[in-house]
Amino acid sequence: MGDTVRRGATLTEIAVEGFRGIGPKRALRVTPGPGLTLVVGRNGSGKSSFAEGLEEILTGSNWRWAQRSSVWREGWRNLHAGDHTRIEGRFAVEDEPGAVVVTRTWPAGASLEGSS
């Protein structure tokens with residue numbers, strides 16, 4: 001087996017469209033740097049939708065939703081966005097020029113598990 005090179009990655013932007021509390025596309029830009037990043041906003045402003053979207057693109061699942069009933073999990077798609085659901089994360093990765101982009105999309109009518 002070859003040696004595995006581990007490089008640091010930092011989130012620089014998460015864009016969400018048609019997912020949970022976010023209808024039309026919204027992006028949250030994060031300035032990379034040392035320390036803790038806080039996302040602050042009023043209730044219903046989309047904070048959890050961004051966080052859960054990030055978890056979904058990186059792991060393909062959501063821990064909080066796995067603990068809920070199937071009826072609760074069916075409400076993941078935003079009703080005001082039509083059938084277009086997409087989450088995109090941009091990362092700055094050490095020794096990589098430009099951004100590394102991770103995207104998850106759902107076709108019309110797909111279940112939460114039906115993304116690519």
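Our structure's up above, just so we're on the same page.
For clarity, every value in this text was computed on a predicted model and none was experimentally measured.

Right, let's talk about the overall build of the protein chain for a bit. When helices and strands are tallied, the protein chain shows 3 helices and 4 strands. The N-to-C order of helical and strand elements in the protein chain reads β-β-α-α-α-β-β. When each of the 116 residues of the protein chain is scored for burial, the buried share is 29%. Of the contacts formed within the protein chain by residues at least 6 apart in sequence, a portion of 55% connects residues at least 24 apart.

Let us look at the packing of aromatic side chains. Summed over all chains, the structure comprises 1 aromatic pair. A ring pair is formed by Phe19 and Trp106, whose centres lie 6.0 Å apart and whose planes are at 20°; its orientation type is stacked. With a gap of 87 residues between them, Phe19 in the loop between strand S1 (9–17) and strand S2 (26–29) and Trp106 in strand S4 (residues 100–106) connect regions that are remote in the sequence. No difference in accessibility class separates Phe19 from Trp106, as the two residues are buried.

We now examine the environment of Pro32. Residue position: Pro32 is located in the loop between S2 and helix H1 (47–59). Its relative accessible area of 43% is what places Pro32 among the partly exposed residues. The contacts of Pro32, once residues within four sequence positions are left out, are Thr10 and Thr12.

Within the open sheet, the 4 strands sit side by side as S2-S1-S3-S4. Their pairing is antiparallel. Only two strands of the sheet have a single partner each, and these edge strands are S2 and S4. In this sheet, adjacent strand axes meet at a mean angle of 15° when their direction is disregarded. With 7 bridges connecting them, strand S3 (residues 85–93) and S4 associate as antiparallel partners. Directly across from Glu88, in S4, lies its bridge partner Thr103.

An ideal rise of 1.5 Å per residue puts 18 Å on 13 residues; H1 measures up with 18 Å between its terminal C-alpha atoms. Listed in full, the buried residues belonging to H1 are Ser49, Phe50, Glu52, Gly53, Glu56 and Ile57. In this fold, the buried residues of H1 make contact with S1, S2, helix H2 (63–66), S3 and S4. Remark: Gly60 follows H1 within two positions and exhibits a positive phi of approximately 80°.

Rules and cut-offs
Residues numbered from 1 in each chain as written. Predicted model: local features only at pLDDT ≥ 70, side-chain atom pairs only at ≥ 80, totals over all residues. Heavy atoms only, no water. Helix = DSSP H or I, 4+ residues; strand = E, 2+ residues; numbered from the N terminus. Buried < 20%, exposed > 50% of the residue type's maximum accessible area, 1.4 Å probe, protein only. Contact = heavy atoms within 4.5 Å. Phe/Tyr/Trp six-rings, centres within 6.5 Å; stacked < 30°, edge-to-face > 60°. Pairing = 2+ DSSP bridges. Axes fitted to C-alpha atoms, helices over the stretch in contact; angles between N-to-C directions. Expected span 1.5 Å × (residues − 1).

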